[in-house]
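Chain by chain, the residues run as shown.
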Amino acid sequence: MTWYCHLRSALRTAPWRTHERSFSPAFPPRSYLSHAAGVSRIPWFTSIPSFREQVARSSKVPSFGERVRCPSVRKQLLFFGIGSFVVFSLAAGTTNDETFAWSVRLTLSAPAWRHRPPTNDEMRRARYYALGKTLQQRLVLLKEAVDEWPQTLKVLMIWAYVQVAQPILDTSETRRWCWAVGALNGMLYLAWHFPRAKPILRAKFTHNPLSGLSYTMLTSLFSHRSLVHVITSSMLVAAFGSATAHHLFEAQSEGADNLREATPKWHFLAFFISAGVFANLVSHVAYSRITYPRLVARLRSLPPTTPGGISATTPRSFLAQVFRPKQPLSAQPSDNVPPGFGASGVVYATLAFAALAYPDTVLAMQIPPTFPLPIQYAVGSLLVLDVIGIWRAWRRFNHWAHLGGAAFGAFYWAYGPQAWEFFREAALGGLPPSLTILPGPKDTSEQPDSA
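Described below are features of the structure shown in this document. (Residues numbered from 1 in each chain as written. Predicted model: local features only at pLDDT ≥ 70, side-chain atom pairs only at ≥ 80, totals over all residues. Heavy atoms only, no water.)

Topic: the layout of surface pockets
Rolling a probe over the atoms, with the probe sized like a water molecule, indicates the empty space that remains.
Thinking step 1. Considered as a void within the structure, the second largest pocket measures approximately 430 Å³ in volume.
Thinking step 2. Forming the boundary of the second largest pocket are 22 residues, of which Arg124, Thr171, Ser172, Glu173 and Pro264 lie nearest the centre.
Thinking step 3. Contributing elements (two or more residues each) for the lining of the second largest pocket: helix 7 (120-145), helix 9 (173-191) and helix 12 (227-254).
Thinking step 4. Here the lining of the second largest pocket gets eight residues from one element, more than from any other, and that element is helix 7.
Thinking step 5. A breakdown of the residues in the lining of the second largest pocket according to their chemical character gives seven nonpolar, eight polar and seven charged. (1 Å grid on protein atoms, 1.4 Å probe; cavity = no way out; pocket = protein on both sides within 12 Å on 5 of 7 lines; lining within 4 Å. Points joined across faces, edges and corners; volume = space filled by probe spheres on them. Helix = DSSP H or I, 4+ residues; strand = E, 2+ residues; numbered from the N terminus. Nonpolar A, V, L, I, M, F, W, Y, C, P; charged D, E, K, R; others polar.)

Examining the packing of helix 12 against helix 17 (residues 399-426)
Thinking step 1. Running from amino to carboxyl end, helix 12 crosses helix 17 at an angle of 60°, the nearest separation of the two axes being 11 Å. For the element pair helix 12 / helix 17, the angle class is oblique. For the pair helix 12 and helix 17, the sense of crossing is right-handed. The segment helix 12 lies against helix 17, with His247, Leu248 and Gln252 engaging Tyr412, Trp413, Pro417, Trp420, Glu421 and Arg424.
Thinking step 2. Taken together, the residues of the contact of helix 12 with helix 17 sort by class into five nonpolar, two polar and two charged. (Axes fitted to C-alpha atoms, helices over the stretch in contact; angles between N-to-C directions. Parallel < 35°, antiparallel > 145°, perpendicular 65-115°, else oblique. Left-handed = near helix turned anticlockwise from the far one by under 90°. Contact = heavy atoms within 4.5 Å.)

As for the side chain of Arg127
Thinking step 1. For Arg127, the location among the structural elements is in helix 7.
Thinking step 2. Residue Arg127 is classed as buried on the basis of its relative accessible area, which comes to 12%.
Thinking step 3. If we ignore the near neighbours within four places in the chain, the residues touching Arg127 are Glu98, Trp102, Glu173, Ala262, Thr263 and Lys265. (Buried < 20%, exposed > 50% of the residue type's maximum accessible area, 1.4 Å probe, protein only.)

Quick word on a nonpolar patch on the surface
Thinking step 1. A contiguous nonpolar surface patch, about 600 Å² in accessible area, is contributed by Leu382, Val384, Leu385, Ile388, Trp391 and Trp394.
Thinking step 2. By the element assignment, Val384 lies in helix 16 (residues 375-392). (Patch = residues over 30% accessible without salt bridge, like charges linked within 9 Å, V, L, I, M, F, W, Y side chains within 5 Å. Areas by Shrake-Rupley, 256 points an atom, 1.4 Å probe, with all protein chains shown as cover. Salt bridge = Lys/Arg side-chain N within 4 Å of Asp/Glu carboxyl O.)

Looking at empty space enclosed by the protein
Thinking step 1. According to the stated counting rule, one finds two cavities of 30 Å³ or more in the structure shown.
Thinking step 2. If you go around the largest cavity, the residues you meet are Leu221, Gly276, Ala279, Asn280, Phe341, Gly342, Ala343, Ser344, Gly345, Val346, Asn398 and Ala401.
Thinking step 3. Looking at the lining of the largest cavity, the elements that each hand over two or more residues are helix 13 (265-301) and helix 15 (344-357).
Thinking step 4. Estimates place the volume of the second largest cavity at around 30 Å³.
Thinking step 5. Lining the second largest cavity are Cys178, Val181, Gly182, Asn185, Ser233, Ser234, Val237, Phe272 and Ala343.
Thinking step 6. Mapped by element, the contributors of at least two residues to the lining of the second largest cavity are helix 9 and helix 12.
Thinking step 7. When residues in the lining of the second largest cavity are grouped by element, the largest group, four residues, is from helix 9.
Thinking step 8. Per-class residue counts for the lining of the second largest cavity are five nonpolar, four polar and no charged.

As structure tokens, this is what we get:
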């Protein structure tokens with residue numbers, strides 16, 4: 001059998017068969033076609049479909065717009081919903097624990113509170129005195145530590161400690177939280193100036209709608225790229241955030257059936273996180289469902305004029321062409337989708353809340369000096385500018401996040417206290433129901449010293 005295979009291969013490669021392979025493929029001889037059909041083992045009765053029949057049988061090729069999908073919003077919606085629920089639950093549980101602890105502490109410290117529980121204002125003053133005593137003890141420890149130092153350095157250290165400790169004691173607990181957030185913002189701003197930290201900050205502390213990440217909606221609240229942005233955002237959060245927390249604390253104290261509250265700082269922290277994440281969520285949804293489809297439509301209509309084709313450009317350049325067709329394209333890698341960062345959404349949430357809670361407030365800046373302006377007109381003007389910025393596609397600020405923060409502030413002004421009371425009652429657990437303000441009119445008039 002082996003000799004037969006060798007003979008067959010020799011006959012196929014014989015010199016008289018080379019003329020069959022010299023013909024053009026367009027006009028092959030009949031013997032070559034029969035030989036090819038024999039090699040491919042195609043039966044003679046098989047009908048090969050024509051080109052039109054093959055095109056008709058083929059499935060429809062999806063277009064560019066059908067193949068390019070919009071960024072997902074489901075994970076971001078779940079992150080906001082579940083995250084806000086967890087944050088408010090933890091804040092409510094911590095507030096209940098601290099309120100119960102301070103109620104027990106004041107009840108055991110003086111006989112006046114054995115017949116009625118302490119009120120919110122009394123617990124707040126007790127916390128103030130406790131903080132003052134702690135700062136005094138630390139001052140004594142500092143004096144003992146620098147006792148052997150030279151007199152000049154010793155006086156300088158004590159003076160520096162007093163200059164830092166006195167404003168901390170005099171301010172409210174909510175503003176201390178705002179100062180802590182400002183300090184974190186400042187540290188991240190300094191980290192942006194280190195080349196090795198920039199890739200990490202760009203990936204973990206800025207929110208890009210095309211990245212598919214959800215937790216960056218939270219971490220981007222503390223990231224700022226300019227010094228003016230850091231200072232302005234921190235000052236506005238401290239100013240209007242403390243006003244928001246004060247109103248929430250007063251609303252909690254006014255209700256006769258509301259649970260008593262020793263400190264509003266955990267409530268404000270939950271408000272801060274939820275407002276910032278919601279503002280970034282609105283920006284993400286607006287980009288995914290409004291801006292990105294326009295980018296795809298513009299990309300589909302653009303001719304491939306660049307050397308590398310249309311894919312050589314960036315989504316940001318497409319966004320510029322959607323709203324500004326005369327603007328030239330930019331192929332710089334840094335001109336990608338504008339990332340979201342900063343706490344401007346929280347600032348707008350506190351602004352809207354303060355405008356609704358204190359409608360008679362007048363705003364005026366000292367540096368630079370400005371004329372007094374009612375807070376409602378000021379907030380309304382800022383919202384109008386954001387609407388114009390969306391219409392004109394301004395890229396300087398995240399206007400969608402501003403509108404989302406303002407919407408959250410207005411919603412929380414209307415329904416926030418009721419929602420907070422619901423979370424506190426749900427997190428009550430095994431604590432006694434004595435957290436509710438129970439004293440009557442006679443007991444309320446008594447104001448014993450809480451020192």
